[in-house]
Every structure is written in structure tokens, then in C-alpha cells.
Amino acid sequence: MTIKVLLADDQTLLRSAFRILVDSEPDMEVVGEASDGAQAYELTRAKGADVVLMDIRMPGVDGLAATRMISADPDLTAVRVVILTTFEVDDYVVQALRAGASGFLGKGAEPDELLNAIRIAAAGEALLSPVATKGLIAKFLAQGGDAADGGPGRRGAAELATLTGREREVLVLVAGGLSNDEIAERLAVSPLTVKTHVNRAMAKLSARDRAQLVVIAYESGLVRPRVQ
């Protein structure tokens, strides 16, 4: 199955470089390029993109607003947004995760990291950024303040009560950055059982993917960031 990738960035040269890289892979292709958020949203709908590489700072409708538009569209529930940012330590990253992004990646990432992030995003299996530590994410979630966008993290605090004890336990481990295989080993169960618990937790908490589960775990207070 070919992963359809949409590039959204106001820098033409950067989009060209990403296109060459992505199109060089046999399992993915660039289906469109956008120079602003409004165009990114429209092309995502028109081109049937699976993954959108989204710059935050763009003229007009920025990447944050475009991510909200994509996440709110019932026809685009399967689309995954990866935020591209020059500065990974960026408060906008937290807002983007709340808005529905699957994760973020620095523009200075290695080519293999970018391609791996696209594949992980398309699979919906993990919090994306290969170079961002869970401590950084925890720090900015803790400092992010109120979510004016009403993202899933704010709903999570009230809905945690719907989770079973085992689902809560799995959620904590997901927030710790563990994969299904690692969680299975920790809990002495099968990876399939872990996947079932993760899927049920996502359904109960209205989370699009694992990245949103991490946001919910921290914002609801189920997991507390460590003091560095």
C-alpha cells in the first residue's frame, strides 16, 4: 500500500527537497503541495492524503489552524498530521498535538528520521518525533495552560473514569513512550492484548491515535511530568 503524502510549507525549496526524498521511496508518494494552511486543508480532501507534513508558521491560515480543520472534518478521520518545526522546543507543538496532530518533527531531522516518521504516522502506532524526548513533551504539556481549542486532552480528565484498571495501566505505559511489544513484556501479556486495550482506550477517550493518548494522560493528571 502506497502512503499518500501532502507537503504543506511556504518555502518552495524545502517542499522540493521533501518531494524528492519522499518520492524516492517505493512505499510512498507526494500527492500535493500547499503553501498555506487553507490550501493544505483543501488538498488533503481533494487528494486523499494519508499523512500531511505540516509547517506551523505559514501566511494566512497557519499550520495550527489547518490541523484543527483536518481533525474536525469527519471525512478526514484517517488522516495523520505531522508538524514540521524549526524549533522543536516550541509551545506551538503542544497546541498542535491538542488540535489533533499525531506528533512533530524538527526540520533538521535526518532523511531516514523523516521517512520513518511518515511510516509511523501512517500506521498510527506511536508518538512521532524520533528526536524529541518524552521529557520534552511532558514539560510543554505541563506548561501549556488551558486548551482553548477544547482538544481531547481536556475531555480526558472526565472520561478517565470510563477506563478499566488495565486500560489505565496501559495508558500510563503508552505515555511513557513504550511500544506495544514493550508494554506486553512489562505486563506479561500478548502484544495483541495490549493493542486491544490501546484501541479501547482511544475509543473511550475519543483519541485519534497514540499521540492523543499521551496528551490526555498528561493533561488529565494521570501521568505527571518528571522534574528535571
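Further up the page is the structure itself.
Residues numbered from 1 in each chain as written. Predicted model: local features only at pLDDT ≥ 70, side-chain atom pairs only at ≥ 80, totals over all residues. Heavy atoms only, no water.

Here's the deal with the overall build of the protein chain
Check the secondary structure of the protein chain and you find eleven helices and five strands. Evaluated residue by residue, the protein chain yields a buried proportion of 49% over its 228 residues. When contacts within the protein chain are restricted to residue pairs at least 6 apart in sequence, long-range pairs at least 24 apart make up 68% of them. Looking at the protein chain as shown, the accessible area adds up to about 10,500 Å², and 52% of this sits on carbon and sulfur atoms. (Helix = DSSP H or I, 4+ residues; strand = E, 2+ residues; numbered from the N terminus. Buried < 20%, exposed > 50% of the residue type's maximum accessible area, 1.4 Å probe, protein only. Contact = heavy atoms within 4.5 Å. Areas by Shrake-Rupley, 256 points an atom, 1.4 Å probe, with all protein chains shown as cover.)

Considering the pairing of strand β5 (residues 103–106)
Residues Gly103 and Leu105 line one face of β5 and the alternating positions Phe104 and Gly106 line the opposite face, and both faces are buried. For strand β4 (residues 80–85) and β5, the ladder comprises four bridges, and the chain directions are parallel. Bridge pairing links Thr85 to Gly106 in β5. (Pairing = 2+ DSSP bridges.)

What to know about the sheet that holds β5
Read across the sheet, five strands follow the order β2-β1-β3-β4-β5 without closing on themselves; strand pairing throughout is parallel. For this open sheet the edge positions go to β2 (28–34) and β5, each flanked by a neighbour on one side alone. Averaged over neighbouring strand pairs, the angle between their axes works out to 25° when direction is ignored. Of the pairings in the sheet, the one linking strand β3 (residues 51–55) to β4 comprises five bridges and is parallel in character. For Val52, the partnering residue across the bridge sits in β4 and is Val81. Contacts from helix α2 (residues 37–47) reach β1 (3–8), β2 and β3 within the one sheet, and its direction differs from that of β2 by about 140°. (Axes fitted to C-alpha atoms, helices over the stretch in contact; angles between N-to-C directions.)

Side note on the packing of helix α8 (residues 165–175) against helix α9 (residues 180–187)
Orientation of α8 relative to α9, taken along the N-to-C sense of each, is 125°, at an axis distance of 10 Å. Compared by their axis directions, α8 and α9 come out oblique. Considering only the axes of α8 and α9, their crossing is right-handed. From α8, Arg166, Glu169, Val170, Leu173 and Val174 reach across to α9, where they touch Ile183, Arg186 and Leu187. Counted by class, the contact of α8 with α9 contains five nonpolar, no polar and three charged residues. (Parallel < 35°, antiparallel > 145°, perpendicular 65-115°, else oblique. Left-handed = near helix turned anticlockwise from the far one by under 90°. Nonpolar A, V, L, I, M, F, W, Y, C, P; charged D, E, K, R; others polar.)

Observations regarding the pattern of salt bridges
For side chains of opposite charge, pairing can occur when their charged atoms come near one another. Evaluation of the coordinates by the stated rule reveals nine salt bridges. With a closest N to O distance of 2.9 Å, Arg15 and Glu33 form a salt bridge. Of the two residues, Arg15 sits in helix α1 (residues 12–23) while Glu33 sits in strand β2, which places them 18 residues apart along the sequence. Of the residues examined, Arg15 reaches a relative accessible area of 10% and is grouped as buried. Residue Arg19 pairs with Glu33 through a salt bridge whose shortest N-O separation is 2.5 Å. A residue pair is termed long-range when its members are at least 10 positions apart, and Arg19 in helix α1 and Glu33 in strand β2 qualify at 14 residues. Connected through shared salt-bridge partners, Arg15, Arg19, Asp23 and Glu33 make up one network. (Salt bridge = Lys/Arg side-chain N within 4 Å of Asp/Glu carboxyl O.)

Re the side chain of Asp73
Tracing the backbone through its elements, the reader meets Asp73 in the loop between α3 (63–72) and β4. Exposure remark for Asp73: the relative accessible area of 7% places this residue in the buried category. Polar contacts involving the side chain of Asp73 include one to the side chain of Tyr41, which spans 2.7 Å. In this structure, Asp73 is in contact with Tyr41 and Arg45, ignoring residues within four places of it in sequence. (Polar contact = N/O pair within 3.5 Å; in protein donor to acceptor, adjacent residues only side chain to side chain.)

Examining α2
Here α2 has its buried residues at Gly37, Ala40, Tyr41, Leu43 and Thr44. Looking at the buried positions of α2, the neighbouring elements they touch are β1, β2, β3 and α3. Between the side-chain oxygen at the start of α2 and the backbone nitrogen of Ala38 there is a gap of 3.1 Å, and the oxygen is on Asp36. Gly48 occupies a position one or two residues after α2 and carries a positive phi of about 65°.

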